[in-house]
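Okay, here's what each chain looks like letter by letter:
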Amino acid sequence: MTDVWSRRAFLSAAGGGALLLGAPAVRAGAAPADAVHDAMRAVWRGLILSGDIPASAEPFRSRLADLGALSGGWRSAMAPAPGSLWPDLGYGGDPEMMMQSYYRLRTMAEAYLRPGTGLTGDAGLRSALLTGLDHLHTDVYHAGQVRYGNWYCWQIGAPQALLDLCVLLYEELSASRLAGFCAAVDHFVPDTVVGSYTGTSTGANRVDLCRVLALRGVVGADSAKIALARDGLTPVFPYVTAGDGLYRDGSFVQHTWVPYTGTYGAVLLGGLGMLFALLKGTAWQVTDPGAQIAFDAVERAWAPFLFNGLVMDGVSGRAVSRGLMAADPRQVQQDDHARGHALLAAILLLAEGASTSERVRWRGWVKGWMARDHYSPPLADTALALSSLARLAEVESDASVTALPEPVGHRLFASMDRATHRRPGWAASLSMTSKRIAHYETGNGENLRGWHTGSGMLSWWGATYGNGQYSDAFWPTVDPYRLPGTTVSRKVLADGAGGDWGASRPDAAWVGGTTDGEFASLGQHLRGLGSTLTARKSWFFLDDTVVCLGAGIRCSDGTGVETVVDNRNLGAAGTHALIVGGAVQPAALGWSAAFPSPGWAHLAGFGGYVMSGPGAFTALREARTGRWSEINRVGSTTALTRRYLTLWYDHGKDPAGAGYVHQMMPGATVAGTAARAARTDWLSVLANSEAAQGVRVPSLGFTGVNFWQPGSAGPLEAGAPCSVTVRERPDGTATVCVADPARALTSLTLVWNRPVAAVLSRPPSLVSQATGARLRLEFGDLTTAAGSGQQVVVRLG
């Protein structure tokens, strides 16, 4: 067997084991020493505690002191009683509180073991830990207890924390205690939980369950459990074509219908990293070649959604509502940056098992993301686990690691109706919905007003500005009917409308588009949640702008319908100047005015907007007050106020075919915005109807059309609904990208009325071609492409 100890320094169990002061050399009543399982416990302990943290250096000195103070307070407040261990965490009818009780004990165990907490090796804290473990075991988490409430608490949350505690306090726990704890885990998490890859045992949940089984095997010296955990990972690795898991295009879905790269995906990434590290060098090392898919996903699935240290909210599901929790005495906010920091640490952990080139590249990316996170520096993140903080601090201080810049390009994740567009100086994310992907996710009383996040929400960030746009109390204070980029009915919806766990999906198939990897043409057949609203929306992602088109906006709800150009969070006291058509507008809160189109607007500190389509646009400057508890039932009740500047089109009550055309120009100057508005020849709108939407930008060699029906637009003709992006290059070549977002075409004819000399490369789906005065392409079955684009490279005539 390979030596278990031949690992990198961060896995050093000696570093972790040395932290417990005064620990007995042998646990009372212990079975004979088992070198392999002992070594694995030491490795896991090292993973949790991250070896030798420099306790006297910042930010660790302050964090360790805070950990000690927090744990001391919990020790003092502990009051074991039937149905609770702490008075504020009664679990009689809510297993979430039982799970939180285990989390508190785990935190207290860290304070007991780590130096610099003021409670290191404290006998009173040790006694409280044993009292707490015994009480929870006797009162609720034991073999024979009937499960109630959320399954996750019993099968993942509580047992993970309990088993971590068993590893951390192993020398303090008698054999009978450990046997009882293991029996409890066996009761709630039997081997059958990984018997089939279905239900709640898929994706990130399956990785979590395997972590429980593996640790149960390590703590109880049960090799069969460890083998079961390793084998249970096998169905996680292959790409999926439906439901939970990783897709070939980089999509990650959990709960069947919900894009979840930022949260469940991060759990999967971090969980795999820890399990790979635990099993490495043992008889149970993961050797499945499919595991490389997980390593590939770092660049294909996770990196595109990371920007300046944050992870984009469009792939974080209901977690966007977890800003401030009422039960958190520290009032530590969870936001896109906090989630991003945890993901960066998970990437570093997985990197230790990756190839040398991957490890070097990922560490460079992480260092770059950290350096650019000016809004929320990762090493100042008080929500970040100390082990994660240590990993980030190590890569920041490693002079051999070169910080890498943000990648530039466009990525379409057709299998989860998401896209990212990254340019020098800014990045954007688009969230859509279809019969394959939910409007939004609510559940467990979370994300109660996320109704319209899939209605074309267009989020964006600047390289050096606007990085707190969605972090600074955005979700509890924004008007949920005016999310940026969306077209919505003002029909009042109930909290949690549509049902839990992504239950509500529209009867719309044509959602997606085409990209050449740099620019893109995306479209959405929009159907409103709980509404009669229908619309065709398209976005053309270009060099310095996003061209937005809307057509066929219809509704009979008896309410107004709006399309939101943008809705910028100005913070608690922002007074960013708004200029419309060259005139500075009032800065008073409550000010609003309508302006004719065509026209343009510029918001200081953010960028410009060019409105060139039909209909007037409205501007509003307002202060909005909200509470996290209004969108998450366990959220803080503290009132928060933020100022907003909103631009939108009012399509009126029950529109019967409204539309719009505008550009969003992140980072544009006033002069640049005005110049773009004056250049009416820069952009040609080829079509904007329920049949097709398309644009042409000659200076970029770009033509993009979304065909909702067979027909023509500009130089393009399509024999069936499809998306087309054409890029003409200075070298005399062009790329023609074609996709079937509805995934229904068994054949497609596309004509480009442009002289073409030859086809240079073609996908297997292309069955015939004709060149000359025009290009004619005949495609075969496109349904198996799952909405992904087919690229044809040609030499122009």
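Definitions and cut-offs
- Counting restarts for each chain: residues are numbered from 1 in the order of the written sequence.
- Restriction of local features to residues with pLDDT of at least 70 applies here, the model being predicted, together with a cutoff of 80 or more for giving and counting side-chain atom pairs; totals for whole chains, interfaces and linings are based on all residues.
- Here the side-chain values reflect all heavy atoms present in the structure, with hydrogen atoms and water set aside.
- Helix and strand labels come from DSSP, where a helix needs a run of H or I of at least four residues and a strand needs a run of E of at least two; each type is numbered from the N terminus.
- For every residue, the accessible area obtained with a 1.4 Å probe (protein chains only) is divided by the maximum for its type, and the residue is called buried under 20%, exposed over 50%, and partly exposed between those limits.
- Working rule for contacts: check all heavy atoms of both residues, and any pair within 4.5 Å makes them a contact.
- The method behind every accessible area is Shrake-Rupley, applied with a 1.4 Å probe, and residues are considered shielded solely by the protein chains displayed.
- The positive count covers Lys and Arg only, the negative count covers Asp and Glu only, and His and the chain ends enter neither.
- The atoms used to mark charge sites are NZ of Lys, CZ of Arg, CG of Asp and CD of Glu.
- Identification of polar contacts relies on pairs of N or O atoms within 3.5 Å, with a donor-acceptor requirement for protein atoms, meaning one able to donate a hydrogen and the other able to accept it, and with residues adjacent in sequence counted only if both atoms are side-chain atoms.
- DSSP-based pairing: two strands are paired if at least 2 bridges between them are found.
- To obtain each axis, a line is fitted to C-alpha atoms, and for helices this fit is confined to the stretch in contact; angles are then taken between N-to-C directions over 0 to 180 degrees.
- Joining through side-chain atoms within 4.5 Å is the link that ties buried Ala, Val, Leu, Ile, Met, Phe, Trp, Tyr and Cys residues into a set, and such a set is a nonpolar core.
- In what follows, a disulfide is any cysteine sulfur pair within 2.5 Å.
- When a carboxyl oxygen of Asp or Glu lies within 4 Å of a side-chain nitrogen of Lys or Arg, that pair is called a salt bridge.
- Roughly parallel means an angle under 35 degrees; roughly antiparallel means over 145; roughly perpendicular covers 65 to 115; every other angle is labelled oblique.
- Working rule for handedness: look at the near helix, and if it is turned counterclockwise from the far one by less than a right angle, call the crossing left-handed; if clockwise, right-handed.
- In this classification, Asp, Glu, Lys and Arg are treated as charged, Ala, Val, Leu, Ile, Met, Phe, Trp, Tyr, Cys and Pro as nonpolar, and every other residue, Gly included, as polar.
- Between 30 and 60 degrees the pair is tilted, below 30 it is stacked and above 60 it is edge-to-face, where a pair is any two Phe, Tyr or Trp rings, Trp via its six-membered ring, whose centres lie within 6.5 Å.

**Things to note about the overall build of the chain**
Piece 1. Within the chain, the secondary structure is distributed over 16 helices and 35 strands.
Piece 2. For the chain, the spread of C-alpha atoms along the principal axes amounts to about 85 × 60 × 50 Å.
Piece 3. Split into buried and exposed, the 797 residues of the chain put 61% on the buried side.
Piece 4. Counting contacts in the chain only where the partners sit at least 6 residues apart, residues at least 24 apart contribute 70% of the total.
Piece 5. Roughly 26,500 Å² of accessible area belongs to the chain as shown, and the carbon and sulfur atoms make up 54% of that amount.
Piece 6. Between the mean site of the 66 positive side-chain charges and the mean site of the 65 negative ones, the chain shows a separation of 3 Å.

**Topic: the side chain of S765**
Piece 1. Mapped onto the elements, S765 comes out in the loop between β32 (756-761) and β33 (766-770).
Piece 2. A distance of 2.7 Å separates polar atoms of two side chains, one belonging to S765 and the other to Q790.
Piece 3. If sequence neighbours within four positions are ignored, S765 has contacts with E778, F779, G780, D781, L782 and Q790.

**A few points about the sheet that holds strand β11 (residues 511-515)**
Piece 1. In space, the nine strands of this open sheet follow the order β11-β12-β13-β14-β23-β20-β19-β16-β17, with antiparallel pairing throughout. Since the sheet does not close on itself, it has two edges, and those belong to β11 and β17 (583-584), each with one partner.
Piece 2. Here five bridges tie strand β19 (residues 599-603) to strand β20 (residues 607-611), and the two strands are oriented antiparallel to one another. When the bridges of β20 are listed, G599 appears paired with M611.
Piece 3. Across the face of the sheet, helix α16 (residues 670-678) comes into contact with β16 (578-580), β19, β20 and β23 (656-666) while running at roughly 165 degrees to β19.

**Describing the nonpolar core**
Piece 1. Counting 154 residues, the largest nonpolar core has Y102, L105 and Y141 as its most contacted members.
Piece 2. Element by element, the count of residues in this core is highest for helix α6 (residues 151-168), at twelve residues.
Piece 3. For Y141, the contacting residues outside a window of four places in its chain are M98, Y102, L136, W154, A158, P159, L162, A184, V185, F188 and V189.
Piece 4. Judged by nonpolar contacts, the second largest core, of 42 residues, contains A414, A428, V565 and L645.

**A short note on the state of the cysteines**
Piece 1. Summed over the entire model, instances satisfying the criterion amount to zero disulfides.
Piece 2. There is no disulfide at C722, and the cysteine sulfur nearest it, in C737, is 12 Å away.

**Points about the pattern of salt bridges**
Piece 1. In total, this model carries 44 salt bridges according to the counting rule given.
Piece 2. A salt bridge links R490 to D479, with the shortest nitrogen-to-oxygen separation between them at 3.3 Å. Of this pair, R490 sits in the loop between β10 (487-489) and β11 while D479 sits in the loop between α15 (474-477) and β10, and the two are eleven residues apart along the sequence.
Piece 3. The partly exposed category is assigned to R490, whose relative accessible area is 27%.
Piece 4. The residue E630 makes a salt bridge to R627 at a minimum N-O spacing of 3.7 Å.
Piece 5. Counted as one network, the salt bridges with shared partners bring together R423, D516, E518, D543, R727 and R729.

**Remarks on the sheet that holds strand β18 (residues 592-595)**
Piece 1. Across the sheet, five strands lie side by side as β10-β15-β22-β21-β18; this open sheet has antiparallel pairing. Each edge of the open sheet carries a strand with a single partner, namely β10 and β18. Pairwise comparison of adjacent strand axes, ignoring direction, gives a mean angle of 35 degrees for this sheet.
Piece 2. Summarising the sheet, β18 and strand β21 (residues 617-626) pair through four bridges and their orientation is antiparallel. The partner of A593 across the bridge, within β21, is A619.

**Quick word on the pairing of strand β7 (residues 418-423)**
Piece 1. Counting buried positions along β7 yields six of six residues, so the element is predominantly enclosed.
Piece 2. The side-chain alternation of β7 yields two buried faces, one formed by R418, T420 and R422 and the other by A419, H421 and R423.
Piece 3. Pairing geometry for strand β6 (residues 409-413) and β7, over five bridges, is antiparallel. Considered in β7, the bridge of R411 is made with T420.

**Section: the pairing of strand β9 (residues 457-462)**
Piece 1. Most of β9 is tucked away, with six of its six residues classed as buried.
Piece 2. Alternating residues of β9 divide into M457, S459 and W461 and L458, W460 and G462, and every residue in both groups is buried.

**Brief notes about the packing of helix α4 (residues 95-113) against helix α5 (residues 123-139)**
Piece 1. Closest axis-to-axis distance for the α4/α5 pair is 10 Å, and the angle between their directions is 155 degrees. Judged by the angle between their axes, α4 and α5 are roughly antiparallel. α4 and α5 meet at a crossing whose hand is left-handed. Contacts from S101, Y102, L105, M108, A109, A111 and Y112 in α4 reach L125, R126, A128, L129, G132, L133, L136 and H137 in α5.

**Some points on unusual backbone geometry**
Piece 1. The residue after E58, namely P59, is reached through a cis peptide bond having omega 10 degrees.
Piece 2. With respect to the helices, strands and loops of the structure, P59 is situated in the loop between α2 (35-49) and α3 (60-77).
Piece 3. Omega for the bond connecting S597 with P598 falls within 30 degrees of zero, at 10 degrees, which places this linkage in the cis form.
Piece 4. By the secondary structure assignment, P598 is in the loop between β18 and β19.

**Structural notes on the packing of α6 against helix α8 (residues 203-219)**
Piece 1. Packing of α6 against α8 leaves a shortest axis separation of 9 Å and a crossing angle of 35 degrees. In this structure, α6 crosses over α8, and the sense of that crossing is left-handed. Residue-level contacts link W151, Y152, Q155, I156, P159, Q160, L163, D164, C166 and V167 of α6 to N205, D208, L209, R211, V212, L215, R216 and V219 of α8.
Piece 2. Class assignment of the residues belonging to the contact of α6 with α8 gives a composition of eleven nonpolar, three polar and four charged.

**A word on helix α9 (residues 223-232)**
Piece 1. Inspection of α9 places K225, I226, A227, A229 and G232 among the buried residues, and these make up the whole buried set.
Piece 2. Residues of α9 that are buried make contact with α2, α7 (175-188), α8 and α10 (264-279).
Piece 3. For α9, the N-terminal cap is D222; the gap from its side-chain oxygen to the backbone nitrogen of A224 is 3.1 Å.

**Some details on the packing of aromatic side chains**
Piece 1. For the structure on display, the rule yields 25 aromatic pairs.
Piece 2. With a centroid separation of 6.1 Å and 10 degrees between ring planes, the pair formed by Y141 and W154 is classed as stacked. Placement of the pair is Y141 in the loop between α5 and α6 and W154 in helix α6, with a sequence separation of 13 residues. The burial state of Y141 is the same as that of W154; both residues are buried.
Piece 3. Among the aromatic side chains, those forming a connected cluster through ring pairs are Y102, Y141, Y148, W154 and F188.

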